Amino acid sequence: MHPPFFNDLVRIPFSYSLRNLWTRRLTTILTASGMSLVVFVFAAVLMLAEGLRQTLVATGSPDNALVLRASAESEVQSIIERNKAAIIMSQPEIALGPDGLPQVSSEMVVLINLRKRITHKPSNLTIRGVKSSSLSLRSDVQLAQGRFFRSGSSEIVTGKDVAQRFQGAGLGETIHFGMRDWRVVGILDAGKTGFSSEIWGDIDQLQQAFRRPAFSDVLLKIRSSSDFLALKQRLEADPRLNVQVKREIDFYEEQSKRLAEFIRLLGLVLTGIFSLGAILGAMITMYAAVATRTVEIGTLRALGFSRRHILLSILMESLFLGLMGGLLGLLSASGMQLLTISTTNWQTFSEVAFSFTFTPGIILKSLFFALGMGLIGGMLPAIRAARMNIVDALRAV
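Throughout this description, residue numbers start from 1 for each chain and increase along the sequence as written. In view of the model being predicted, local features appear only for residues whose pLDDT reaches at least 70, and side-chain atom pairs are presented and counted only at 80 or more, with totals across whole chains, interfaces and linings using the full set of residues. Side-chain measures were taken over the full set of non-hydrogen atoms in the model, leaving aside hydrogen atoms and water.

**What about the overall build of the chain?**
Working definition: helices are DSSP H or I runs of at least four residues, strands are E runs of at least two. Numbering for both runs from the N terminus. Helix and strand counts for the chain stand at 12 helices and 12 strands. It is over C-alpha atoms that the radius of gyration is taken, and the globule rule equals 2.2 Å times the number of residues to the power 0.38. Its C-alpha atoms give the chain a radius of gyration of 30 Å, more than 25% over the compact-globule value 21 Å for 397 residues. The principal-axis extents of the C-alpha atoms in the chain amount to approximately 95 × 50 × 35 Å. The buried label goes to any residue with under 20% of its type's maximum accessible area, the exposed label to any with over 50%, and the partly exposed label to all in between, with areas taken from a 1.4 Å probe on protein chains only. Of all 397 residues assigned to the chain, the portion counted as buried reaches 50%. For the chain, the proportion of contacts with a sequence separation of at least 24, taken over those separated by at least 6, is 79%. Method for areas: the Shrake-Rupley scheme with a 1.4 Å probe, in which residue coverage is limited to the protein chains shown. Looking at the chain as shown, the accessible area adds up to about 18,800 Å², and 63% of this sits on carbon and sulfur atoms. Charge counting follows a simple rule: Lys and Arg are positive, Asp and Glu are negative, and His as well as the terminal groups are ignored. Where a charge lies is defined by one atom per residue type: Lys uses NZ, Arg uses CZ, Asp uses CG and Glu uses CD. Distance between charge centres in the chain, computed from 42 positive and 31 negative side chains, equals 9 Å. Here, two residues are considered to be in contact whenever any of their heavy atoms come within 4.5 Å of each other.

**Here we look at the nonpolar core**
Soluble globular proteins: nonpolar side chains tend toward being buried together. By convention a nonpolar core is built from buried Ala, Val, Leu, Ile, Met, Phe, Trp, Tyr and Cys residues, the set being connected through side-chain atoms within 4.5 Å. Counting 37 residues, the largest nonpolar core has Val67, Ile88, Ile175, Phe177, Ile199, Leu220 and Leu235 as the members making the most contacts within it. In contact with Phe177, other than residues within four places in its own chain, are Ile112, Ile127, Ile156, Trp182, Leu206 and Phe210. Counting residues in each nonpolar core, the second largest holds 21 residues, with Leu56, Leu330, Val352 and Ile362 among its members.

**A closer look at helix α7 (residues 227-237)**
It helps to recall that an α-helix has 3.6 residues per turn; residues three or four apart then point in one direction. All of the buried residues along α7 are Asp227, Phe228, Leu231 and Leu235. Buried residues of α7, seen end-on, are gathered within an arc of 95° and therefore sit on one face of the element. Structural note: α7 exposes Leu229 and Ala237 on the side pointing more than 90 degrees away from its buried face. Among the structural elements, β1 (64-69), α3 (82-88), β9 (217-221) and β10 (243-247) are those in contact with the buried residues of α7. Note that the arc is defined by the directions from the helix axis to the C-beta atoms.

**Focus: the pattern of salt bridges**
A side-chain nitrogen of Lys or Arg and a carboxyl oxygen of Asp or Glu constitute a salt bridge if their distance falls within 4 Å. As enumerated under the stated definition, the model contains 15 salt bridges in all. Linking Arg150 and Glu155 is a salt bridge whose minimum nitrogen-to-oxygen distance equals 2.7 Å. Under the relative-accessibility criterion, Arg150 is labelled exposed at 52%. One network of salt bridges, in which partners are shared, links Glu75, Glu107, Arg128, Arg138, Glu198 and Glu248.

**Overview of the layout of surface pockets**
With a probe scaled to a water molecule rolled over the atoms, the places where space remains empty come into view. Taken as a whole, the largest pocket encloses approximately 400 Å³ of empty space. Grid points spaced at 1 Å and placed over the protein atoms alone form the basis of the search, with a cavity being a set where a 1.4 Å probe fits but cannot get out and a pocket an open set showing protein on both sides within 12 Å along at least five of seven lines. Lining residues have an atom within 4 Å of a point. Lining the largest pocket are 20 residues; nearest its centre among them are Asp161, Arg165, Thr340, Ile341 and Ala353. Residue assignment for the lining of the largest pocket shows that the elements contributing at least two residues are α2 (25-59), α5 (160-165), β11 (340-344) and β12 (351-355). Among the elements that line the lining of the largest pocket, the one with the most residues is α5, at 4 residues. Following the grouping adopted for this structure description, the nonpolar residues are Ala, Val, Leu, Ile, Met, Phe, Trp, Tyr, Cys and Pro, the charged ones are Asp, Glu, Lys and Arg, and the polar ones are all others, Gly among them. Grouping the constituent residues of the lining of the largest pocket by class yields 4 nonpolar, 10 polar and 6 charged. Grid points are joined across faces, edges and corners, and a volume is the space filled by probe spheres set on the points.

**With respect to the environment of Asp204**
Structurally, Asp204 is set in helix α6 (residues 203-210). When the C-alpha atoms of Asp204 and Pro122 are compared, they prove to be 27 Å apart, with 82 residues separating the residues in sequence.

**Here's the deal with the side chain of Ser216**
Residue placement: Ser216 occurs in the loop between α6 and β9. Given the relative accessible area of 3%, Ser216 is considered buried. Once residues lying within four places of it in the same chain are set aside, the contact partners of Ser216 are Glu75, Ser78, Ile79, Ile80, Glu107, Met108 and Val109.

**Comments concerning a nonpolar patch on the surface**
Patch rule: a residue counts if its relative accessible area is over 30% and it has no salt bridge; like charges are joined within 9 Å, and nonpolar side chains (Val, Leu, Ile, Met, Phe, Trp, Tyr) within 5 Å. Where nonpolar side chains cluster on the molecular surface, the patch consists of Phe262, Leu265, Leu266, Val269, Leu270, Ile273 and Phe274 and spans about 660 Å² of accessible area. Secondary-structure assignment places Leu270 in helix α8 (residues 248-292). Residue classification places Leu270 among the partly exposed residues on the basis of a relative accessible area of 39%.

**Remarks on the packing of helix α10 (residues 307-334) against helix α11 (residues 360-386)**
Axis definition: a line fit to C-alpha positions, over the contact stretch in the case of helices; interaxial angles, taken between N-to-C directions, run 0 to 180 degrees. Viewed as axis vectors pointing N to C, α10 and α11 meet at an angle of 150°, and their least axial separation amounts to 7 Å. Taken as axis vectors, α10 and α11 run roughly antiparallel relative to one another. As α10 packs across α11, the resulting crossing turns out to be right-handed. In terms of residue class, the contact of α10 with α11 is built from 19 nonpolar, 7 polar and 1 charged. Here the angle decides the label: under 35 degrees means roughly parallel, over 145 means roughly antiparallel, 65 to 115 means roughly perpendicular, and every other value means oblique. Note on convention: near helix rotated counterclockwise from far helix by under a right angle means a left-handed crossing. Clockwise means right-handed.

Now the structure itself:
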């Protein structure tokens, strides 16, 4: 059996606070709605940054290593000459495919400018010159429609996001770049990865069209994770190469950091400004609630409830208000998962499409944020209620 004090401490805050929120239904709904808007913005910003991060991280594979020119921050900035690529492609750590050949692909990455279907505004897109082995190195990339391009031809395949959003990028259509026409013969489904925002073509033909004799990077599958360090040390120490070696998944995660952090920081600043209004709204609501229940609070004190009981009951009421706003905001934000948006990747200056991503971590952060607004908004009214003099409270009209 718990002592009476413990039972009062538990029972009064919950039952009393919930009853008072229900009594002031209109005020409760309006205040919670204001908080929900702030939580919606907070959660949406985190979902946006997480969606971008996951899209680019998912683009890489932990089994692949990417070799780029030393100090290059993106594939577009990297140049690897053919003789250097030949050395890289002969390393013993490279895994062999079912056909007994090394699973490695030298690639070229350039940017082109295409107009969007709806807005007709131009935007940069990534063109990736690949070999037939590139598909086997990227298990997440599948051919959704049509067929893969034929080697030695002016044929290309486009990611599904590119096909939907850009003029001439659909199946059977033609795109003009590199002083020639390229026919789209297939659509790639790369899931929620950055490859859905790329165009792939035969590397030899693309090198001729763009007059690029060198490669941008070399992608290879390593035999085992333990072989990566030996491969990295040997290639980076070779004075003939002047290259850097990264796990593909780490490389693409680095590509997302700068933009994701900017989105998150900008969103948090805006949310912080909006939250001040929500906190003030909660504070005004709780001050009004305390003012209308002055006699009631005095009665509770006369019945033997301590100042701590009153403080906890008002704070609990404000926390419930914040929780309601948080749940409403999260419910609204969850619908953003249905949207796909695009932005410019600051590292490559090309457009990448991604979706809002809802995670358990975002749910917890949003709820804590909502409860924090409720706690701060209710603190001063709760202190005021707890400090009321019993006699003065009972005399209030």
